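What follows is each chain in one-letter form.
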Amino acid sequence: MKKLYIFLILFVGVAMSAQAQTDKTAKADKLYEQLRYVDAAEAYEKLIKNGVRTQHVYTRLGDSYFYNSDFKNAEKNYARAIKNDPQAETLYRYAQSLKASQKYDLSNTIMNQFASLKPADDRAKQYKSHPNYIDEILGMKELFTTKSHQFNTEASDFSALQVGNKLYFSSARNENRGKYGWNKEPYLDIYEATIDDAGTVGKPELVKGEVNTKYHEGTLDITPDGKYIFFTRVDYYKGDYEKAVDGESKLTIYRALNAGGEWRDVATTSLESKEYGVGHPSITKDGKMIYFASEAPGGQGGTDIYKAELKDGLISNPVNLGPAVNTTGDDSFPYVADDNTLYFSSNGHLGLGGLDVFRYKDGQVTNMGSPVNSPLDDFGFSYSEATGKGFVSSNREGGKGGDDVYGIEKIEICEVVVSVTAVDAKTGMPIPGAIVSLQDAGDNTMPGQTTDANGVAVFTTDCNLELIARGAKDKYESGEATLSVAEEETAMVEVLMMPEPEIVEDKIILNKIYFDLDKSNIRPDAALELDRLVGLMKKYPTLEILAETYADIRGADDYNLALTERRANSIIKYIESQGVEASRLKAVGRGEAAPVVDCASKKCTSEEYELSRRSEFTITKR
């Protein structure tokens, strides 16, 4: 039933298909064009039994099943329809049907075919840039529990919304209504029931007043002051249908006034159009904006999400939310939470199958993951941050009817906001633009983030973990730091990153390499400096280095020469021990040669002698 509410259309009257290929398919095509998909499927099945096995028949039969969420039969017929000259949208729907059966590998294969036919399609671009999206979604932490509500029936029940102590939802349970040809269920009505703080729902009844008619009424919202209800209805007003030139009667948004607990004086809104559908209103907490879905021309795809100004019950200045939210697929069922986070359903963004629920916040669209989403259709999401409770609708396995309403409740998770600051180890200044990451003891690494102008990146992680923060940036050696997070709101850690050694005319400039008097072993402080050279050589694996050590003139010449040779060899051995190949290194002890200060002809200070006691590193091959 929600498929009708995605497409925002209701066919009234008779229209002949321009795509009917032969007289043999005319009857089935007529049923299909009338959106009588149950009857159309039966007619196409009969054609196949009688030997009419064309791509047109298999595609239309697959679509007839697809639009009623019979993905198993849709899958079977799409597989036949794509054998020769496959059409892009058929491939896409086939891939979606395969996901409903959790045949993800084959779905990805079909998506690759779709992407090759329509490489500029944003659905293809998303898939090609995130080929492992299924594993990523399934690996997400569960944020909610879900539980089917007792008021569900064998008919379709969906899009529940709590307003105060009232629960409103759409349902096809009213057997006094006529049957709709799309799926042979009764036309939809809006129901209301009481709901207490524990979430117990009373007996549902038809909403009071003039909202419901003998045709479809569905999704709704009520202004914060309780004065107006905005709801979706087929374009049927005062007993008359408004039909587009294509013979379809579109869905649109109507408004009614609260008259002592009953909704009266139903009126159209400025969003009404005979030529395209509009529906699924959601009103912001302050009552100043209304969000909705529409298939208006100029959008991104099938149905797009819009927002408009709302004042004194009047809607004005609608604006498409653009490609940040909308796709070339169908984006619908918007819900705006009290903190202005937008939740919506889409089959254009990457999901587990069918419609998935997404969150749009801070410019980012995020899949809500399981169990809010399933391999089938998930939509009609509403949620209160204050109570941690809400609703989602789905035709997932195990339900009572075609679509069912599920209660959701937020899982209380202990989380810590960790601020990681990348710091220049020499200057103590923050490093903007560094890539930092967090890893726990189980080697689970959070995706890297780029530090801001203050050298800071912020992560949210579980409590009670031992973590390693790492940082990297061009011209810096990577650094790391450890921290423990307990049950606290925030934690901070600094990652010290040493600048890479400077290279001047093939000389690698390091800080002073110190040796103890008359010793050649590598001191810990010298090792830290040599690690910078190791990091450079590992980063540039073709570099070859000459290490030269010098002494001052104090002491015997032979002794100083031997001492510098031992020190040069100690440097080379240390570098080799850190994983650098010996063939890339050469060590030379120069003794008293090439003093920086000529202390033979003058009396030198200790500082001047020290200038000559040095180690130099020269690049011999890049």
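Note that this is a predicted model, so its numbers are computed, not measured.

(A) Broad picture of helix 6 (residues 88-100). In a regular helix each residue adds 1.5 Å, so 13 residues correspond to 18 Å; helix 6 covers 19 Å between its end C-alpha atoms and thus fits that length. Most of helix 6 is tucked away, with 11 of its 13 residues classed as buried. Inspection of helix 6 places Ala88, Thr90, Leu91, Tyr92, Tyr94, Ala95, Gln96, Ser97, Leu98, Lys99 and Ala100 among the buried residues, and these make up the whole buried set. In this fold, the buried residues of helix 6 make contact with helix 4 (55-66), helix 5 (71-81), helix 7 (104-117), helix 8 (122-129) and helix 9 (133-138).

(B) The state of the cysteines, seen in detail. With the rule as written, the count across this model stands at 2 disulfides. Note on cysteine connectivity: Cys414 is disulfide-linked to Cys463, with sulfurs 1.8 Å apart. The S-S bond linking Cys414 to Cys463 shows a torsion near -85°; that makes this disulfide left-handed. Placement of the pair is Cys414 in the loop between strand 23 (404-410) and strand 24 (415-424) and Cys463 in the loop between strand 27 (456-462) and strand 28 (465-472), with a sequence separation of 49 residues. Cys463 gets classed as buried once you look at its relative accessible area, which sits at 8%.

(C) Up close: the nonpolar core. Judged by nonpolar contacts, the single largest core of 43 residues is most densely connected at Tyr44, Ile110 and Phe114. At the level of elements, helix 2 (26-33), helix 3 (37-49), helix 4, helix 5, helix 6, helix 7, helix 8 and helix 9 are the ones that each hand at least two residues to this core. Excluding residues within four positions of it along the chain, Phe114 makes contact with Ala88, Glu89, Leu91, Tyr92, Asp121, Arg123 and Ala124. Counting 22 residues, the second-largest nonpolar core is a separate cluster that includes Leu510, Ala526, Ile545 and Leu585.

(D) View of a positive patch on the surface. On the surface, Arg53, Lys72, Lys76, Arg80 and Lys83 cluster together to form a positively charged patch. Its place among the elements puts Lys72 in helix 5. The exposure class of Lys72 is exposed, given its relative accessible area of 67%.

(E) A look at the sheet that holds strand 17 (residues 331-336). Strand order in the open sheet made by the 4 strands is 17-18-19-20, with antiparallel pairing throughout. Bordering the open sheet on either side are strand 17 and strand 20 (364-367), each of which pairs with just one other strand. Averaged over neighbouring strand pairs, the angle between their axes works out to 30° when direction is ignored. As defined by bridge partners, strand 18 (residues 342-346) adjoins strand 19 (residues 356-361) across 5 bridges and the pair is classed as antiparallel. Each residue of the ladder has a partner; that of Ser345, found in strand 19, is Val357.

(F) Spatial organisation of the sheet that holds strand 23. Overall, antiparallel pairing links the 4 strands, which are arranged 2-23-22-21 in an open sheet. A strand with exactly one partner marks an edge of an open sheet, and here the two such strands are strand 2 (144-148) and strand 21 (378-384). Direction aside, the axes of adjacent strands within the sheet are offset by 25° on average. Where strand 2 and strand 23 come together, 5 bridges link them in antiparallel fashion. Note on strand 23: the bridge partner recorded for Thr145 is Glu409.

(G) Spotlight on the packing of aromatic side chains. In total, this model carries 21 aromatic pairs according to the counting rule given. With a centroid separation of 5.0 Å and 55° between ring planes, the pair formed by Tyr37 and Tyr67 is classed as tilted. Remark: Tyr67 occurs in the loop between helix 4 and helix 5 and Tyr37 occurs in helix 3; sequence separation between them is 30 residues. With respect to class, Tyr37 is no different from Tyr67; both count as buried. Taken together, a centroid distance of 5.8 Å and an interplanar angle of 20° make the contact between Phe169 and Tyr191 stacked. Linking Phe169 in strand 4 (residues 166-171) with Tyr191 in strand 5 (residues 189-194), this pair joins segments that are 22 residues apart in sequence. Grouping residues by exposure puts Phe169 and Tyr191 together as buried. By way of ring pairs, the aromatic residues Tyr32, Tyr37, Tyr44, Phe66, Tyr67, Phe71 and Tyr78 are connected into one cluster. One residue, Arg173, lies across the ring of Tyr191, its end atom 5.4 Å from the ring centre. Seen from the ring of Tyr550, Arg614 lies directly overhead, with NZ or CZ sitting 3.8 Å from the centre.

(H) Layout of unusual backbone geometry. Here Ser370 and Pro371 are connected by a cis peptide whose omega angle stands at 5°. Following the sequence through the fold, Pro371 ends up in the loop between strand 20 and strand 21. In this structure, Asn464 takes a positive phi of about 55° despite not being glycine. As for its position among the elements, Asn464 is in the loop between strand 27 and strand 28.

(I) View of the pairing of strand 4. Of all 6 residues in strand 4, 5 are buried, a share of seventy percent or more. Of the pairings in the sheet, the one linking strand 3 (residues 157-163) to strand 4 comprises 5 bridges and is antiparallel in character. Along strand 4, the bridge assignment pairs Asp157 with Ser171. Linking strand 3 to strand 4, which pair antiparallel, is a turn of 2 residues; within it Gly164 sits at a positive phi near 65°. Inspection of the sheet shows strand 4 paired to strand 5 by 6 bridges, in the antiparallel sense. From the neighbouring strand, Ser170 faces strand 5, where its bridge partner is Ile190.

(J) Quick peek at the pattern of salt bridges. For the structure shown, the criterion picks out 30 salt bridges. Each member of the salt-bridge network shares a partner with another, and the members are Lys507, Glu548, Arg590, Arg614 and Glu616.

(K) Layout of the side chain of Asp121. Summarising the element assignment, Asp121 is placed in the loop between helix 7 and helix 8. Aside from chain neighbours lying at most four places away, what touches Asp121 is Phe114 and Thr328.

(L) Quick peek at the pairing of strand 21. Of all 7 residues in strand 21, 6 are buried, a share of seventy percent or more. Where strand 21 and strand 22 (residues 389-394) come together, 5 bridges link them in antiparallel fashion. Following the sheet pairing, Tyr383 is matched in strand 22 by Gly390.

Calculation notes
Throughout this document, residue positions are counted from 1 along each chain, in the order its sequence is written. Confidence filtering applies because this is a predicted model: local features only for residues at pLDDT of at least 70, side-chain atom pairs given and counted only at 80 or more, and all residues used for totals across whole chains, interfaces and linings. Note that the side-chain values use all heavy atoms of the structure and ignore hydrogens as well as water. Runs of E in the DSSP output that reach at least two residues are strands. Runs of H or I that reach at least four are helices, and both are numbered from the N terminus. By this rule, a helix spans an expected 1.5 Å times one less than how many residues it contains. Relative accessibility under 20% of the residue-type maximum defines a buried residue, over 50% an exposed one, and the middle range a partly exposed one, all with a 1.4 Å probe and only protein chains included. Contacts are assigned to residue pairs that have any heavy atoms within 4.5 Å of one another. Two cysteine sulfurs form what is called a disulfide whenever their separation falls within 2.5 Å. Residue types Ala, Val, Leu, Ile, Met, Phe, Trp, Tyr and Cys, when buried and joined through side-chain atoms within 4.5 Å, form a set referred to as a nonpolar core. Candidates for patches are residues over 30% relative accessible area with no salt bridge; among them, like charges are joined within 9 Å and nonpolar side chains (Val, Leu, Ile, Met, Phe, Trp, Tyr) within 5 Å. Computed with a 1.4 Å probe, the accessible areas rest on the Shrake-Rupley method; for each residue, only the protein chains presented here act as cover. Here a salt bridge means any side-chain nitrogen of Lys or Arg lying within 4 Å of a carboxyl oxygen belonging to Asp or Glu. None of His or the chain ends enter the tally, which takes Lys and Arg as positive and Asp and Glu as negative. Lys charges are placed at NZ, Arg charges at CZ, Asp charges at CG and Glu charges at CD. Here, any two strands with at least 2 DSSP bridges between them count as paired. Under this scheme, a helix contributes an axis fitted over its contacting stretch, all axes are lines through C-alpha atoms, and angles between N-to-C directions fall in the 0 to 180 degree range. Think of it this way: a Phe, Tyr or Trp ring, Trp meaning its six-membered ring, pairs with another when their centres are within 6.5 Å, and the plane angle makes it stacked under 30 degrees, edge-to-face over 60, tilted otherwise. We count a charge as sitting over a ring when the NZ of a lysine or the CZ of an arginine lies within 6 Å of the ring centre and within 35 degrees of the ring normal.

No statement about biological role is implied by the geometric values presented.
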